[in-house]
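Reading the structure
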Amino acid sequence: MTKVLVLYYSSYGHISQMADAVAEGAREAGAEVDVRRVRETAPTEVIAQAHFKTDHSHPEIESVDKLTEYDAIIVGAPTRFGRMPSQMATFWDTTGGLWAKGALIGKVGAAFTSTASQHGGQETTLFSVITNLLHHGLTIVGLDYGYGAQMGVEEVKGGSPYGATTIADNQGTRQPSEADLGGARYQGRRVAQTAAKLFG
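Residues numbered from 1 in each chain as written. Predicted model: local features only at pLDDT ≥ 70, side-chain atom pairs only at ≥ 80, totals over all residues. Heavy atoms only, no water.

**Looking at the overall build of the protein**
Each helix and strand in the protein was counted, giving 6 helices and 6 strands. Its helices and strands in sequence order give the protein the pattern β-α-β-α-β-α-α-β-α-β-β-α, from N to C terminus. Whereas a compact globule of 200 residues would reach a radius of gyration of roughly 16 Å, the protein reaches 16 Å, a difference of no more than 12%. Along the three orthogonal principal directions, the C-alpha set of the protein runs to about 40 × 40 × 25 Å. For the protein, buried positions account for 52% of its 200 residues. Taking the intrachain contacts of the protein between residues at least 6 apart in sequence as the baseline, contacts between residues at least 24 apart amount to 75%. As presented, the protein carries roughly 9100 Å² of accessible surface, and 52% of it is formed by carbon and sulfur atoms. Of the charged side chains in the protein, 17 are positive and 21 negative, and the gap between their average positions amounts to 3 Å. (Helix = DSSP H or I, 4+ residues; strand = E, 2+ residues; numbered from the N terminus. Rg over C-alpha atoms; globule rule 2.2 N^0.38 Å. Buried < 20%, exposed > 50% of the residue type's maximum accessible area, 1.4 Å probe, protein only. Contact = heavy atoms within 4.5 Å. Areas by Shrake-Rupley, 256 points an atom, 1.4 Å probe, with all protein chains shown as cover. Lys, Arg positive; Asp, Glu negative; His and termini not counted. Charge placed at Lys NZ, Arg CZ, Asp CG, Glu CD.)

See the structure below:
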């Protein structure tokens, strides 16, 4: 059975919801899926002042070495000034030993994100994640236009050919819509299907 890791960081729960949808899609394609989050590194006073979500539904990933156990790694992170946040960047900055050994070469990778606004850096954030995955030799799967619900302007919606996305609004009050979660499920399914073809 293909093994998929959904690895994420979430401040307010939007990416956590998207991670669950990504995992659901991968499981629909027959994959064994683990959902893990990276460690929170923000100071406690920042966490309190910014009202970060602290009741997490997924365990932290044990170590970077766990990445080697999976056929596919799907990474989710919100945007910070148009790039992935320091919590996720710090995790990937500790994977140099895996890179030196080529330990992740040939695996399947993907990214998903959330921003406050429609033009808040979704695509640059996705690329900041994808760049790390490409340097590790992963084969990237985006959110292709087979998922037609990402098109149209009849409602606010996320979606990008580079990965599933959602828009949280400035105060984080907008939750992922069914169109956004559908994109996450679709991408998770496509990643699992691609991994199955490569490793099945």
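Back to the write-up after that little detour.
**Side note on the UniProt feature "binding site: NAD(+)" (unreviewed entry) in the protein**
UniProt tags Tyr-12 as "binding site: NAD(+)" (unreviewed entry). Examined against the element boundaries, Tyr-12 turns out to sit in the loop between strand S1 (3-8) and helix H1 (14-28). For Tyr-12, a relative accessible area of 42% translates into the label partly exposed. If we ignore the near neighbours within four places in the chain, the residues touching Tyr-12 are Ala-50, His-51, Phe-52 and Lys-53. A polar side-chain atom of Tyr-12 sits 3.1 Å from the main-chain carbonyl oxygen of Ala-50. (UniProt positions renumbered as here; feature names shortened; annotations may be inferred. Polar contact = N/O pair within 3.5 Å; in protein donor to acceptor, adjacent residues only side chain to side chain.)

**Let's talk about the pattern of salt bridges**
Overall, the coordinates contain 9 salt bridges when judged by the stated rule. A salt bridge links Arg-185 to Glu-24; the nearest nitrogen and oxygen atoms lie 4.0 Å apart. A residue pair is termed long-range when its members are at least 10 positions apart, and Arg-185 in helix H6 (residues 178-199) and Glu-24 in helix H1 qualify at 161 residues. For Arg-185, a relative accessible area of 15% puts it in the buried group. Residue Glu-24 is classed as partly exposed on the basis of its relative accessible area of 37%. Close ionic contact of Glu-154 with Lys-157 constitutes a salt bridge, the shortest N to O distance being 2.9 Å. (Salt bridge = Lys/Arg side-chain N within 4 Å of Asp/Glu carboxyl O.)

**Some words on the pairing of strand S2 (residues 32-37)**
As defined by bridge partners, S1 adjoins S2 across 6 bridges and the pair is classed as parallel. Directly across from Val-6, in S2, lies its bridge partner Val-35. Handedness of the crossover is the feature at issue here: the chain leaves S1, passes through H1, returns alongside S2, and the resulting connection is right-handed. (Pairing = 2+ DSSP bridges. Right-handed = clockwise from strand over helix to strand, strands pointing away.)

**Observations regarding unusual backbone geometry**
Of note in this structure, His-51 is not a glycine but carries a positive phi near 60 degrees. Considering the arrangement of structural elements, one finds His-51 in the loop between helix H2 (44-49) and strand S3 (72-78). One non-glycine residue, Asp-169, lies in positive phi territory at about 75 degrees. Checked against the element boundaries, Asp-169 lands in the loop between strand S6 (165-167) and H6.

**Re the pairing of strand S4 (residues 108-115)**
Judged by how many residues are buried, S4 sits mostly within the fold: 8 of 8 residues are covered. Burial along S4 is two-sided: Val-108, Ala-110, Phe-112 and Ser-114 facing one way and Gly-109, Ala-111, Thr-113 and Thr-115 facing the other are all buried. Sheet topology places S3 next to S4; 7 bridges connect them, and they run parallel. When the sheet's bridge partners are listed, Val-75 is paired in S4 with Ala-111. In this sheet, strand S5 (residues 139-140) lies alongside S4 in parallel orientation, the contact comprising 2 bridges.

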